[in-house]
Amino acid sequence: MDKINLEEKFSLFEEHWTPKVLAESNGQLVKISKGQGELVWHQHDHEDELFIVFKGQLTLKLKERNIVLNPGEMFIVPRGTQHCPVANQETHFLMIEPASVVNTGEVKDENTIEADELEWI
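Along each chain, the written sequence defines residue order, and numbers are assigned to residues from 1. Local features in this predicted model are restricted to residues whose pLDDT is 70 or higher, and side-chain atom pairs enter the listing and the counts only when it is 80 or higher, whereas totals over whole chains, interfaces and linings include all residues. Only hydrogens and water are set aside; all other atoms, that is, all heavy atoms of the structure, feed into the side-chain values.

## Things to note about the environment of Leu-22
Next, step 1: Under the scheme used here, helices are H or I runs from DSSP no shorter than 4 residues and strands are E runs no shorter than 2 residues, and both carry numbers assigned from the N terminus. By the secondary structure assignment, Leu-22 is in strand β1 (residues 20-25).
Next, step 2: For each residue, the accessible area found with a 1.4 Å probe, counting protein chains only, is set against the maximum for its type, and the residue is called buried under 20%, exposed over 50%, and partly exposed in between. Classification of Leu-22 by relative accessible area gives buried; the value is 7%.
Next, step 3: As a C-alpha pair, Leu-22 and Leu-6 span 16 residues in sequence and 9.0 Å in three-dimensional space.
Next, step 4: The contact definition used throughout considers only heavy atoms, calling two residues in contact when any of these lie within 4.5 Å. When neighbours within four sequence positions are excluded, Leu-22 is seen to be in contact with Met-1, Ile-4, Leu-6, Lys-9, Val-30, Ile-32, Trp-120 and Ile-121.

Shown next as C-alpha cells:
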C-alpha cells in the first residue's frame, strides 16, 4: 500500500454525504466524505462511528446536545446513539467505522449508500 494524500483524495469528488473508502484495517473502513446541509437523523445499533474534521465545521446533533467539530477535532458517536450530521458550509471529514456501517443507519433515503455500493478511491 502507498501513502494516501487526503487533500488529493478530497479533490476527486464533489458530491455531499457520499462516503468514499480509502483503506481497510482490521475490519474497519477509513472513509472520507464531504458534507453540506443536513443528512438525516439516524443511529447505528451495533457500531460506533468516529469523525475527524479536516475542513469546515461539522455539527453532530444528538438528542441531548450538539457536538461542534472544527478542523483537527474528532468525536466518536457511540453505538445506538441517535445523531444527525449538519454542515452549514462544505465540510471535509474522515470516518473510521466497521465495514458493515451504512451511512444513514436504519433510515433509507436518497443519501443512503449500502455497504456493497461504497466506492473506493
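## Quick notes on the packing of aromatic side chains
Next, step 1: Between the rings of Phe, Tyr and Trp (Trp by its six-membered ring), a pair exists once the centres lie within 6.5 Å; its type follows the angle of the planes, with under 30 degrees stacked, over 60 edge-to-face, and the other angles tilted. Across all of its chains, the model carries four aromatic pairs by this definition.
Next, step 2: Geometrically, the ring pair formed by Phe-10 and Phe-13 is tilted, given 6.4 Å between the ring centres and 40 degrees between the ring planes.
Next, step 3: According to the relative accessible area criterion, Phe-10 is buried, its value standing at 4%.
Next, step 4: Measuring from ring centre to ring centre gives 5.9 Å for Phe-51 and Phe-93, while their planes differ by 45 degrees; the resulting arrangement is tilted.

## A word on the pattern of salt bridges
Next, step 1: Throughout this description, the term salt bridge denotes a Lys or Arg side-chain nitrogen within 4 Å of a carboxyl oxygen of Asp or Glu. Applying the stated criterion across every chain yields a total of six salt bridges.
Next, step 2: Lys-20 is the salt-bridge partner of Glu-119, the closest N and O atoms lying 2.9 Å from each other. Of the two residues, Glu-119 is situated in strand β8 (residues 119-120) and Lys-20 in strand β1; the sequence distance between them amounts to 99 residues.
Next, step 3: Between Lys-108 and Glu-114 there is a salt bridge, with its nearest N and O atoms 3.6 Å apart.

## As for the nonpolar core
Next, step 1: The set of buried Ala, Val, Leu, Ile, Met, Phe, Trp, Tyr and Cys residues whose side-chain atoms join them within 4.5 Å is what this entry labels a nonpolar core. The biggest cluster of nonpolar side chains holds 15 residues, and the ones touching the most others in it are Phe-51, Leu-58, Leu-60, Leu-69, Phe-75 and Phe-93.
Next, step 2: The contact partners of Leu-69, leaving out residues within four places of it in the chain, are Phe-51, Val-53, Gly-56, Gln-57, Leu-58, Leu-60, Met-74 and Phe-75.
Next, step 3: Core analysis: the second largest hydrophobic core is formed by five residues, Phe-10, Leu-22, Ile-32 and Leu-94 among them.

## Re the environment of Val-102
Next, step 1: One can find Val-102 in the loop between β7 (83-98) and β8.
Next, step 2: A residue is classified by how much of its surface remains accessible, and Val-102, at 12% relative accessible area, is buried.
Next, step 3: C-alpha separation for the pair Val-102 and Phe-10, spaced 92 residues apart in sequence, amounts to 20 Å.
Next, step 4: Among all residues touching Val-102, those that are not within four sequence positions of it are His-44, Lys-108, Thr-112, Ile-113, Glu-114 and Ala-115.

## What about the pairing of strand β6 (residues 74-77)?
Next, step 1: Residues Phe-75 and Val-77 point to one face of β6 and are all buried, whereas Met-74 and Ile-76, pointing to the other face, are not buried.
Next, step 2: Strand pairing is assigned whenever DSSP detects at least two bridges linking the two strands. As paired elements, strand β3 (residues 49-55) and β6 share four bridges and run antiparallel to each other. Each bridged residue has a counterpart across the sheet, and for Glu-49 the counterpart in β6 is Val-77.

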